[in-house]
Every structure is written in C-alpha cells, then in structure tokens.
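# Summary of structural features
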Amino acid sequence: MLSRSVDRRRFLLGLGGLGAAAMMASPAQASLSAPVRKLSLHNLHTGEKISASFWEEGHYIGDSLASFNKVMRDFRSNEVHRIDPKLFDQLFLLQHRLGKQGEIQIISGYRSPATNAMLRSKSSGVAKKSYHMKGQAIDLRLPGIELAHVRNAAKQLAVGGVGYYPGSNFVHLDTGPVRSW
C-alpha cells in the first residue's frame, strides 16, 4: 500500500512539473514581452537607414511604423504600403534568437503588383501571389552572421515562412503560414 501511494505521489508531482514547464514562456514569447522593441533597418537599394523603437509600453508606435513602411517601400515604383507589424516582431525575435542587435539589410520589402509581375517574368523564384505584395514579407541579410545561421534561427522561431536563397545572398521571412523552402 505504501509503495502504491508513493508511486501515485511521484506521478502527480511529475504531472505538476510538466504543467509548469508548459506554462513557462518560450524564448520567442519571452523576447516579445520586452517593454521596448527596437530595430535598425537599412534599405540597400535606396541607402536609407532608420533605427527606432516600434513597440513601447504594450503598443505599436504609429510614427515608427510609418517610417519603417517608407524604408521598406517598393523602391522601383516608390510606392509605400503598410507593412504587417508582425513582420517587425519576427525581425525582433530573430535578432533576439541570434543574440545580435544591429542593422538589418533590406533586399526587398513591399513590392507593388507591377513590380512583382516584372520580377516574376525574369525569375521562377518569384511567387505569383507573393507576400511582398501584401506588406507581409522581407528579403534580408544580417551583416556578420552567416546566411545559413540566419535561416536556421528563423526556422526555429516557427512563426512564418522562411526561404533560403544562398545564390542571391538573402533569407526571406514572411508572416504567412509556417513553412520553409
């Protein structure tokens, strides 16, 4: 009888431990709980740079988001489009995962439908319904970090799409479903 109650006690304690572990925040959740989220963006096509907090005290900062939208505009048509704030959260999480703050180099942010069609006519790697046209994607590099390492860290976050383009020297991130290629 004693051994049965001890086994039951161990079983219940084990369940309690599992429950506590499940309730603990993942690294991604922990970094999103930061009181301030800041990014430094550099558009390689326009030369524009911005470093700003986009989240403080539980809210997105509209002026910062508007500035980020402008830097991530379609540089070919000069069209500015609203970028999904979750994309900035992904970038913040990625930097946290990599343990690297600093410049994020933008290869491509928003793309107008006309720009996307033009790029698609020149490359099979451009999606017909690209998340870039929705303001939900970025093609990027992080100076000083190996491209494969950026890709692996992004995939570990499991918060959206991750594309790996070593021949063109960039990683694609989007706020669509979790997938990778």
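See the structure above.
Everything numeric in this text was worked out from a predicted model, so none of it was measured.

It is worth spelling out the sheet that holds strand E1 (residues 36–43) at this point. Spatially, E3-E2-E1-E4-E5-E7-E6-E8 is the arrangement adopted by the eight strands of the open sheet, whose pairing is mixed. Because the sheet does not close on itself, it has two edges, and the strands there are strand E3 (59–60) and strand E8 (179–180). Bridge analysis of strand E6 (residues 161–165) against E8 gives two bridges, and the strand direction is parallel. If you follow Val-162 over to E8, its bridge partner there is Ser-180. Each of E1, strand E2 (49–56), E3 and strand E4 (103–108) is contacted by helix H3 (residues 62–71), which is oriented at about 145° to E2, the strand it contacts most. Helix H4 (residues 85–98) contacts E1, E2, E3, E4, strand E5 (137–141) and strand E7 (170–174) of the sheet and is inclined by roughly 95° relative to E1.

A few words now on the environment of Leu-98. Inspection of the secondary structure puts Leu-98 in helix H4. Taking the C-alpha atoms as reference points, Leu-98 and Val-150, separated by 52 residues in sequence, lie 7.6 Å from one another. Dropping the residues within four chain positions of it, Leu-98 is found in contact with Leu-142, Ile-145, His-149, Val-150 and Ala-153.

Conventions we followed
- Residues take numbers from 1 onward in each chain, read along the sequence in its written order.
- Totals for whole chains, interfaces and linings use every residue, but because this is a predicted model, local features are given only for residues with pLDDT of at least 70 and side-chain atom pairs only at 80 or more, for both listing and counting.
- To get the side-chain values, all heavy atoms of the structure are used, and hydrogens and water are removed first.
- Two strands are counted as paired when DSSP detects at least two bridges linking them.
- Helical segments are the DSSP runs of H or I of at least four residues, strand segments are the runs of E of at least two, and each set is numbered from the N terminus.
- Here, residues are in contact when the closest pair of their heavy atoms is within 4.5 Å.
- Angles here are taken between N-to-C directions and fall from 0 to 180 degrees, while the axes themselves are lines fitted to C-alpha atoms, restricted in helices to the stretch in contact.

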